[in-house]
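# Chain and residue survey
Here is what each chain is made of, one letter per residue.
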Amino acid sequence: MNSLTALQNKATDIRIRLIEMISKANTGHTGGALSSVDILVSLFYHTMKIDAAEPNLKERDRFLLSKGHSVEPYLCILSDLGFFPDQELDTFSSYKSRLIGHPTRKVPGIEMNTGALGHALSVGVGMAIAAKKLGESHRVFTLMGDGEQAEGSIWEAAMAGSHYKLGNLVGIVDRNYLQISGNTEDVMSLDSLEDKWSSFGWNTLNVDGNSIEYICKTLDSINYAGDKPTAIIARTTKGKGVSFMENNPKWHHGVAKGEEFKTAINDLKAAYI
């Protein structure tokens, strides 16, 4: 899918579907799910080599959702790509469903169980090292939350990624400035994230994380055969696309029902091009 318009409309499709899914399930991490959609659409529909017909293809690119609580758009995208039927999304978080509130390898297309924050980048380092040792060309992408940057294991993995010269490793930070307990700079100040990642030896890029055009250009610009891993600080809006959710910490969790649901869907539909 190469058209920018098609990618932007796909992001709207995914946002609408995840709002429907969360409303039906009566649970979900709505704000962070909405903020990360444009990043995920850019990865899965533009950059990554994956194939639902061959989910275990040796040459596939690997994706790890480190901020595992924002699983909803990940599941919507995997379903849309054909890894499992769309109607299964309506079982999200219900009894005996394999679609739970965090990624699980019971779901086709998911590489790693995540949920305990701070773990996936370390696993991504291991995957990237393995690819280099085996002479394989696939790449490893890890999406992290910004509140997650307070985890010490993130920085252990950052050191290792640089030490082992993992140009095939990309860490993306969903930089929306909000976590469950408030603004990240009040909870545990992070800025300048660019300086921190650069000081750990990473090629560090700053991008509008809600602009598919610029995310795709940024991903295209990376030298995946080089000797430096890449950190992308993707500046996003929590609750992106829904007027009453944007930049509102209440919607870290939250379920839109009734008039709120109608408003959310109408807000999102207005984004179609």
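If you're wondering where the values come from, they're calculated on a predicted model, not measured in any experiment.

## A word on the overall build of the protein
When helices and strands are tallied, the protein shows nine helices and seven strands. Taken over C-alpha atoms, the radius of gyration comes to 17 Å for the protein, in line with the 19 Å a tight globule of 273 residues would show. Each of the three principal axes of the protein carries a C-alpha extent, and together these read 50 × 45 × 35 Å. Every one of the 273 residues in the protein was classed for burial, and the buried ones make up 53%.

## A closer look at unusual backbone geometry
Going from aspartate 191 to serine 192, the amide bond is cis rather than trans, its omega being 5°. Within the secondary structure layout, serine 192 lies in the loop between α6 (184-187) and α7 (193-199). In this model, tyrosine 177 sits at a positive phi of 70°, which is unusual for a non-glycine residue. Mapped onto the fold, tyrosine 177 is located in the loop between β3 (169-175) and β4 (178-179). On the basis of relative accessibility, which here comes to 29%, the residue tyrosine 177 falls in the partly exposed class.

## Thoughts on the packing of aromatic side chains
The way to describe two aromatic rings as a pair is by their centre distance and the angle between their planes. Taken as a whole and assessed by the stated rule, the structure comprises eight aromatic pairs. With a centroid separation of 6.0 Å and an interplanar angle of 70°, the aromatic rings of phenylalanine 141 and tyrosine 224 are classed as edge-to-face. With phenylalanine 141 in strand β2 (residues 140-145) and tyrosine 224 in the loop between α8 (212-221) and β7 (230-235), this pair connects stretches of sequence that are 83 residues apart. In this structure, phenylalanine 141 and tyrosine 224 share a single accessibility class: buried. Taken together, a centroid distance of 5.5 Å and an interplanar angle of 65° make the contact between phenylalanine 244 and tryptophan 251 edge-to-face. Using a relative accessible area of 23% as the deciding quantity, one classes phenylalanine 244 as partly exposed. On the accessibility criterion, tryptophan 251 (2% relative accessible area) is buried. Members of the aromatic cluster, joined through ring pairs, are Trp155, Trp197, Phe200 and Trp202. The side chain of arginine 139 reaches across the aromatic face of tyrosine 224, ending 4.5 Å from its centre.

## Description of the side chain of aspartate 38
Among the secondary structure elements, aspartate 38 is positioned in helix α2 (residues 30-47). The class of aspartate 38 is buried, set by a relative accessible area of 5%. A polar side-chain atom of aspartate 38 sits 3.0 Å from a polar atom in the side chain of asparagine 210. Sequence-distant contacts of aspartate 38, defined by excluding residues within four places in its chain, comprise Ala11, Arg15, Gly209, Asn210, Ile212 and Ile215.

## What about the pairing of strand β1 (residues 62-65)?
Burial of β1 is two-sided: the residues Arg62 and Leu64 facing one way and the residues Phe63 and Leu65 facing the other way are all buried. Sheet topology places β1 next to β2; four bridges connect them, and they run parallel. What sits directly across from phenylalanine 63, in β2, is phenylalanine 141.

## Observations regarding the pairing of β7
Taken across its six residues, β7 has five buried, putting it largely inside the fold. When β3 meets β7, the two strands line up parallel, connected through six bridges. Paired with aspartate 174 across the strands is alanine 234, a residue of β7. In the sheet, strand β6 (residues 203-208) pairs with β7 via six bridges, with the strands oriented parallel. Bridge assignment links asparagine 206 to a residue of β7, and that residue is isoleucine 233.

What counts and what doesn't
- Residues numbered from 1 in each chain as written.
- Predicted model: local features only at pLDDT ≥ 70, side-chain atom pairs only at ≥ 80, totals over all residues.
- Heavy atoms only, no water.
- Helix = DSSP H or I, 4+ residues; strand = E, 2+ residues; numbered from the N terminus.
- Rg over C-alpha atoms; globule rule 2.2 N^0.38 Å.
- Buried < 20%, exposed > 50% of the residue type's maximum accessible area, 1.4 Å probe, protein only.
- Phe/Tyr/Trp six-rings, centres within 6.5 Å; stacked < 30°, edge-to-face > 60°.
- Lys NZ or Arg CZ within 6 Å of the ring centre and 35° of its normal.
- Polar contact = N/O pair within 3.5 Å; in protein donor to acceptor, adjacent residues only side chain to side chain.
- Contact = heavy atoms within 4.5 Å.
- Pairing = 2+ DSSP bridges.

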